[in-house]
Amino acid sequence: MAEYETHEHDVLVVGAGGAGLRAAIEAAKAGARVGLVCKSLLGKAHTVMAEGGVAAALANVDDRDNWRVHFADTMRGGQYMNNWRMAELHAKEAPDRVRELEAWGAVFDRTPDGRILQRNFGGHKYPRLAHVGDRTGLEMIRTLQDTAVHLGIDVHMECTVVTLLKDGDRIAGAFAYDRERGRFKVFASRAVILATGGIGRAFTITSNSWEYTGDGQSLAYRAGAALQDMEFVQFHPTGMVWPPSVRGILVTEGVRGEGGVLRNKEGRRFMFDDIPENYRTQTADNEEEGWRYVQGDKNARRPPELLTRDHVARCIMREVREGRGSPHGGVFLDISWIKSKISNAPEHIRKKLPSMYHQFKQLADIDITSEPMEVGPTTHYVMGGVRVDGDTQMSTVPGLFAAGESAAGLHGANRLGGNSLSDLLVFGKRAGEYAAKYANENPAASVAADQVDAAARSALEPFERAAREKSAEGPYQVQHALQEMMQELVGIVRREDEMRRALDGIETLKARAARVAVTGNREYNPGWHTALDLPNLLTVSEAVTRSALERKESRGGHFRDDYPDKDPSAGGFNILVTRDADGTMKVSRSPIVPMRDDLKQIVEENK
Ligand SMILES: Cc1cc2nc3c(=O)[nH]c(=O)nc-3n(C[C@H](O)[C@H](O)[C@H](O)COP(=O)(O)OP(=O)(O)OC[C@H]3O[C@@H](n4cnc5c(N)ncnc54)[C@H](O)[C@@H]3O)c2cc1C
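This text gives an overview of the structure that appears in the document. If you're wondering where the values come from, they're calculated on a predicted model, not measured in any experiment.

Examining the pattern of salt bridges
Within this structure, the stated rule accounts for 59 salt bridges. Among the salt bridges present, the one from R85 reaches D391, with a minimum N-O distance of 2.8 Å. Highlighted residues: R85 in helix 3 (residues 84-103) and D391 in the loop between strand 15 (385-386) and strand 16 (400-402), separated in sequence by 306 residues. In this structure D391 comes out as partly exposed when scored by relative accessible area, which is 25%.

Structure below.
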């Protein structure tokens, strides 16, 4: 094996967002030697962009809230495809994780009597999102990072893992390159936790940052782990649509939680036109009641703008398709209308939604305190991911764990807003705890020289191709073609014939990706980085497409134009993809374990 910088850890955490940091803290507290690797600078993970808040049944604003209601809301939102054990642990443990964050120094917004303030969000029966204005993720990352650095965790910033290393069946570590110098690093580790976030960059219109190229899902898949429910991609209803350079940037659901309403070009609040049967009893049937709800009236039901994201996104698409959209292909989201209800509306909006105010002022020259915003769906989140055990977060590969957005299970077919930040805290902690336990109970694995050499050779190929073939294609064209194709053929509305075309397209793009070349040297070379991201984007795109073909129904984030209804018989299984011995992707169905009786009763009681 060539000589590379080598590090040894008990637990290696890949990713320094909320899930990775929380996992690293827990593993370090358990006495493990912890390494933390992240693609960008520490503190710049995607979690920092989270706006609306973290969901936890603290019952600070509405004392009717408790873990049972949160559990039932999460299961209903996920259309009962969730790993119910994870939904149970999440609902029970989220309040403690939020209070712990507060004890570590997070400064939440407050109720008049000094408790953590909670706001309304789609699909949550009661105000449940602990928040810091619309900058909750920033505060969360700051707090977790402060806590982590004081525990002596070994941090490797701007370092990208490209391959997981194995010793027989179990995990042995990871192979990475440092982005600044382009040098390789070998991490030998008894346990590895993937906390790499989502896959949004497989699509053109997305709220996700450049880091979200599906690395964790793809690394796990290539290491032999199963991916689950990859068809369930969340298209958030409200992304910016104008100007084109900012298309897809998120407009937080907090706008609707604070009273923002959706209107079509005729000025009609179209969300009242289509209220799903399973939410009818919980949804206001007139505008006045909806307003009373956002003002905290416990006898009012929530406005239809706060229905689940999958439903709101489809209603927006319907308005646009039927010619009632806004000038730039979206609809109008208006918070300025609350001036007819409260006297200090502009000041109130700027206080509750400071980032949104600045975002629209600076990027679109719109003052949201006096004008409506134009919004439309944007690829936001993936509910699917690495299949894990609900209690321990271990994947189907011994010693390999996953937490946060890279893992599957908690959210089922559709995630409720706010349930991601709480997911990171609850299951980040659990992953850290159980990875440290695994490392403690298992001997060190050995790193095989041939695996390291093969990984290094493969990583350098794009440079060698440039030297060999002067006219070889660059990585950006392939990336762009993939994003356009996924957006068009496997996006918010899906059909069999289009997805078959996408599969053919993915094969063609795989062949092109295998021939891309990059010039220049290894020091901070974004073309090279993109060339190395491509296989991951292609793997997750194929997993999404094959899983979406297999699910012949519409449910949650997955909508099939050719199967527009929910099929009760399809509610009994998750879809898995695994890598076959010949390297092809295999799709299978895994029956969902029936829910425990006590949990079933909670679901019934909360219908
Ligand atoms: C604009 C926006 C607003 C949101 N608002 C909310 C909200 O209000 N409430 C809520 O619950 N959810 C919200 N979400 C969703 C939520 O923020 C994310 O799901 C969550 O932050 C994901 O956290 P994570 O720890 O799993 O991953 P991330 O925070 O993305 O961290 C991923 C980490 O992995 C690293 N990484 C990736 N690949 C590699 C690799 N190959 N090698 C090394 N490191 C790697 C990255 O550098 C990064 O450090 C929002 C999302 C967006 C985009």
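Considerations on the sheet that holds strand 13 (residues 331-334)
With respect to topology, 4 strands assemble into an open sheet ordered 11-14-13-12, the strand pairing being antiparallel. Across the chains shown, the open sheet's two edge strands, defined by having one partner strand only, are strand 11 (233-240) and strand 12 (261-263). Across the sheet, the mean angle from the axis of one strand to that of its neighbour is 45°, orientation sign disregarded. As defined by bridge partners, strand 12 adjoins strand 13 across 3 bridges and the pair is classed as antiparallel. The residue bridging L262 from the neighbouring strand is L333, located in strand 13.

Some thoughts on the environment of D109
Position of D109 relative to the elements: it lies in the loop between helix 3 and strand 4 (118-119). Once residues within four sequence positions are removed from consideration, D109 is found in contact with R115, I116, L117, H131, V132, G133 and K352.

Observations regarding the site of the ligand
Around the ligand, the surrounding shell holds 39 residues, and the nearest of these are H46, T47, G52, E211 and D215. At a separation of 3.2 Å, an oxygen atom of the ligand approaches a polar backbone atom of G18. Against a free-state accessible area of 1000 Å², the protein chains account for coverage of 99% of the ligand. Elements with a contribution of two residues or more to the shell around the ligand: helix 1 (18-29), strand 7 (159-167), strand 14 (373-382) and helix 11 (419-441). Considering every element that reaches the shell around the ligand, the biggest residue donor is helix 11, with 4 residues. Per-class residue counts for the shell around the ligand are 16 nonpolar, 17 polar and 6 charged.

Thoughts on the sheet that holds strand 15
Across the sheet, which stays open at both edges, the 4 strands sit in the order 15-10-17-18 with antiparallel pairing between neighbours. The sheet is open, and its two borders are formed by strand 15 and strand 18 (585-591), each paired with just one other strand. Bridge count between strand 10 (residues 227-228) and strand 17 (residues 573-579): 2 bridges; the pairing is antiparallel. Looking at the pairing, Q228 lines up with L576 of strand 17. Its contacts with the sheet put helix 15 (residues 526-550) on strand 10, strand 17 and strand 18, and the angle it makes with strand 18 is roughly 50°.

A look at the side chain of D367
Within the secondary structure layout, D367 lies in the loop between helix 10 (354-364) and strand 14. For the buried D367, no salt bridge exists, and the shortest N-O distance to an oppositely charged side chain is 5.4 Å, to K361. Those residues in contact with D367, other than ones at most four positions away along the chain, are Y357 and K361.

Topic: helix 12 (residues 449-468)
Between the first and last C-alpha of helix 12 there are 27 Å, a value that for 20 residues agrees with the 28 Å anticipated at 1.5 Å per step. E461 marks where helix 12 bends most, by close to 45°; the proline P462 follows one to four residues later. Regarding helix 12, the residues found buried are V452, A455, A456, A459, L460, P462, F463, R465 and A466. Close packing links the buried residues of helix 12 with strand 7, strand 8 (170-178), strand 9 (184-194), helix 14 (496-513) and helix 15.

Here's the deal with the environment of E507
Note on placement: E507 falls in helix 14. Separated by 31 residues in the primary sequence, E507 and L538 place their C-alpha atoms 8.9 Å from one another. Discounting residues that sit within four places of it in the chain, E507 has contacts with E542 and R546.

A short note on the packing of aromatic side chains
The full count for this structure, using the stated rule, is 10 aromatic pairs. Ring geometry for F175 versus F184: centroids 5.0 Å apart, planes at 40°, classification tilted. The class for F175 is buried, based on a relative accessible area of 0%. Residue F184 is classed as buried on the basis of its relative accessible area of 4%.

A look at the pairing of strand 11
Most of strand 11 is tucked away, with 8 of its 8 residues classed as buried. Here strand 11 pairs with strand 14 via 6 bridges, running antiparallel. Residue pairing in the sheet places V233 in a bridge with V382 of strand 14.

Some words on empty space enclosed by the protein
One pass over the structure, following the stated rule, counts 2 cavities of 30 Å³ or more. Roughly 60 Å³ of volume is contained in the largest cavity. Around the largest cavity, the lining residues are R256, G259, G260, V261, R269, E287, G290, W291, V294, P303 and W337. No other element matches helix 7 (residues 287-294), which puts 4 residues into the lining of the largest cavity. In terms of residue class, the lining of the largest cavity is made up of 5 nonpolar, 3 polar and 3 charged. Roughly 40 Å³ of internal volume is contained in the second largest cavity. Broken down by secondary-structure element, the contributors of at least two residues to the lining of the second largest cavity are strand 11 and helix 8 (309-321). Among the elements that take part in the lining of the second largest cavity, helix 8 stands out by supplying 3 residues, more than any other. Split by residue class, the lining of the second largest cavity holds 4 nonpolar, 2 polar and 2 charged.

What counts and how
Residues numbered from 1 in each chain as written. Predicted model: local features only at pLDDT ≥ 70, side-chain atom pairs only at ≥ 80, totals over all residues. Heavy atoms only, no water. Salt bridge = Lys/Arg side-chain N within 4 Å of Asp/Glu carboxyl O. Helix = DSSP H or I, 4+ residues; strand = E, 2+ residues; numbered from the N terminus. Buried < 20%, exposed > 50% of the residue type's maximum accessible area, 1.4 Å probe, protein only. Pairing = 2+ DSSP bridges. Axes fitted to C-alpha atoms, helices over the stretch in contact; angles between N-to-C directions. Contact = heavy atoms within 4.5 Å. Near = heavy atom within 4 Å. Polar contact = N/O pair within 3.5 Å; in protein donor to acceptor, adjacent residues only side chain to side chain. Areas by Shrake-Rupley, 256 points an atom, 1.4 Å probe, with all protein chains shown as cover. Nonpolar A, V, L, I, M, F, W, Y, C, P; charged D, E, K, R; others polar. Lys, Arg positive; Asp, Glu negative; His and termini not counted. Expected span 1.5 Å × (residues − 1). Bend = angle between axes of the 7 residues up to and from the residue. Phe/Tyr/Trp six-rings, centres within 6.5 Å; stacked < 30°, edge-to-face > 60°. 1 Å grid on protein atoms, 1.4 Å probe; cavity = no way out; pocket = protein on both sides within 12 Å on 5 of 7 lines; lining within 4 Å. Points joined across faces, edges and corners; volume = space filled by probe spheres on them.

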